[in-house]
Amino acid sequence: MRRQRRTMIMTALVGILIYSFCLFILSQFVQQDQINHLAALRNDYQLIKKEQRQRLLKAWANDHQLTIVSDVNQPQTLRQKQVHDALQQNQLDSANPYHLQHFRGQRYLLYLLDTTDNNHVQVMVKKYQTVWQHSNLVGIFSFIYMIFWLIILLAQYLTYRQQRRYLQAVVQKLQQIKANEQTESLITKENTPYTSLIHAVNALDKHNQHQVEANSLLKRRFQSLMGHLPVGIMLLDNQGNVLLHNQMLAVILGKQIATNQHPFVEDIQTYALSRMIEHTLRKNRNHHRQIQLYGDSDRFVDANVIRIAHSTEDLEQQVIVILYDLTPIHQLEQQRVDFLDKVSQKLQPSVQQMTTEIAQLLSTKQFDIQLVEQLQEQVQNLNELLTDTIALNHYSQQDNTLPQRFNIEELIQQILTKQDSALKKRQLQVEVKIKGNKWISSYPQELQEIIQNLISNAVKYNKEHGQILVLSEHNEVENYLNLTVQDSGIGIAKAEQKQIFERFYQVNPQKKSGSGLGLAIVQAAVQTLNGTIKLTSQLNQGTSVKVHIPL
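Conventions and cut-offs
- Residues numbered from 1 in each chain as written.
- Predicted model: local features only at pLDDT ≥ 70, side-chain atom pairs only at ≥ 80, totals over all residues.
- Heavy atoms only, no water.
- Salt bridge = Lys/Arg side-chain N within 4 Å of Asp/Glu carboxyl O.
- Helix = DSSP H or I, 4+ residues; strand = E, 2+ residues; numbered from the N terminus.
- Buried < 20%, exposed > 50% of the residue type's maximum accessible area, 1.4 Å probe, protein only.
- Pairing = 2+ DSSP bridges.
- Axes fitted to C-alpha atoms, helices over the stretch in contact; angles between N-to-C directions.
- Contact = heavy atoms within 4.5 Å.
- Polar contact = N/O pair within 3.5 Å; in protein donor to acceptor, adjacent residues only side chain to side chain.

Another aspect to go through is the pattern of salt bridges. If the charged atoms of two oppositely charged side chains come close together, the side chains can form a pair. Throughout the structure, instances matching the rule amount to seven salt bridges. Here R299 makes a salt bridge to D325, at a shortest N to O gap of 2.5 Å. Here R299, found in the loop between β7 (287-292) and β8 (300-309), pairs with D325, found in strand β9 (residues 317-325); they are 26 residues apart in sequence, far enough to count as distant. Residue class for R299 comes out partly exposed when judged on its relative accessible area of 23%. Overall, the relative accessible area of 13% leaves D325 in the buried class. One salt bridge in this structure joins K433 and E431, with 3.7 Å as the shortest N-O distance. You can call K433 partly exposed: its relative accessible area is 37%. Overall, E431 belongs to the partly exposed group, its relative accessible area being 41%.

See below:
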């Protein structure tokens, strides 16, 4: 803006200089015109002088507003003194017949005429008319010149204003590009000084928009990747402030993590992990170890604290903390330990009892039917425990078998046939309801384990003369199977219903029959089939287990 003002001022000054120069040239023309006029009057004077008409000569001089002065040795008048001084200073001669003289604040034009008989030089003296005294000429010229120069200044102003608008639009667009704002392309006329610049800015804007969209897409992909990573990640600067974290880290630490920058000690309360991070920040050494978290989270994690090296132009140091949750693995290990312990506890009494009973049989050398039946029952319990253990272990391994088409009613009847002796012994009534198509496409081994264990529990924990309902609902529209086994048995208290699916858990531990793995097997089989299981029970009124399996 200031530069444009200076340019316009310079333009005005140049206009004034050109105007002054033009006036100077015009004054030279005026001067030459007056000299030429005096030269023409000199010729008229010569003609009048030849005719020796003094009266006509005076009238002629008055008409042309000039004075004819003769040079004398002792000038009496001012004009004579003026002429005498010019001649004495050799300002007038035949080679230079005219002279512009300043005399007492006025300018006079002197023109040499001739020499008289008395050797007196005659000179025409006339007041010099400056260019400003030609008012019409100067006025017309000044008016035309002013209009011309005002047009130039106006054109320059309009050009600068248009350029300023272009520059303001370009600056505004560049600021919007810097702020990553959505903008529209600038429109300009062709063949302007800023056409190339505006086209370049529009191209830059398009390129920036593509970059912003690409960066936004990469950011969303990165955030999605971070959100779906199965490990917790935290990025720290060289001061130990949290720059970035994912949701899995909050889950592992068991607390919400602020999104703004803050010290990592606000989130990590485990001394061992904090010490690893501090040591990496101070010593620039990576650390890896398995630790147990304390505080809001009681988890086992595999912790890696790694220094990220950048170039010298970039950040000097960043530290990334990676936490892999080992809690399920520890829980599995603990379950295996507990499993072996409980298997040992289950097997040891049966083996000891079998050993005792066999010793009694050998010592008496007689076969007591009651001892043999007890021995048979213990063998059956061991066999059931081993069978259930093998079945439960089967669901912890991957199976690539394909689904088969079979009759669900036939499968239920086969299972009930195996339970026929137990049903008759306790005089239980069984009702089987089949809704929908009997033929389904699924995994018969898993369904057999589910139905067999549910019916077995319904028999074991039922009352004498009780009822059992087995309901199968096949929905071919939404393609799923609902299985319900309901009994009128002893029921399960609410406090025990959360533990009912744990391994070796029994509602009535005093009862020696059963391995305590039945519902654990059912849950594992249902999870293998991507289904759900729901148990409802009331104490002394019975239990209902409903299994939902997508086909």
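One open sheet holds the five strands; their spatial order is β11-β13-β14-β16-β15, and the pairing between them is mixed. Edge positions in the sheet fall to β11 (429-435) and β15 (532-538), since each of these pairs with one other strand and no more. Taken over all neighbouring pairs, the strand axes of this sheet differ in orientation by 10° on average, direction set aside. Inspection of the sheet shows strand β13 (residues 467-475) paired to strand β14 (residues 480-487) by eight bridges, in the antiparallel sense. Across the sheet, residue L469 finds its bridge partner in β14, namely Q486. Of the strands in this sheet, β13, β14 and β16 (542-550) are in contact with helix α12 (residues 444-460), which crosses β14 at around 15°.

This next bit is on the side chain of S488. Considering the arrangement of structural elements, one finds S488 in the loop between β14 and α13 (494-497). Since its relative accessible area comes to 18%, S488 is described here as buried. In terms of polar contacts, S488 uses its side chain to reach the side chain of N462, at 3.2 Å. Looking at S488, its side chain comes within polar contact range of the main-chain nitrogen of Q467, at 2.9 Å. Beyond its immediate stretch of four places on either side in the chain, S488 contacts N462, K463, G466, Q467, Q541 and G542.

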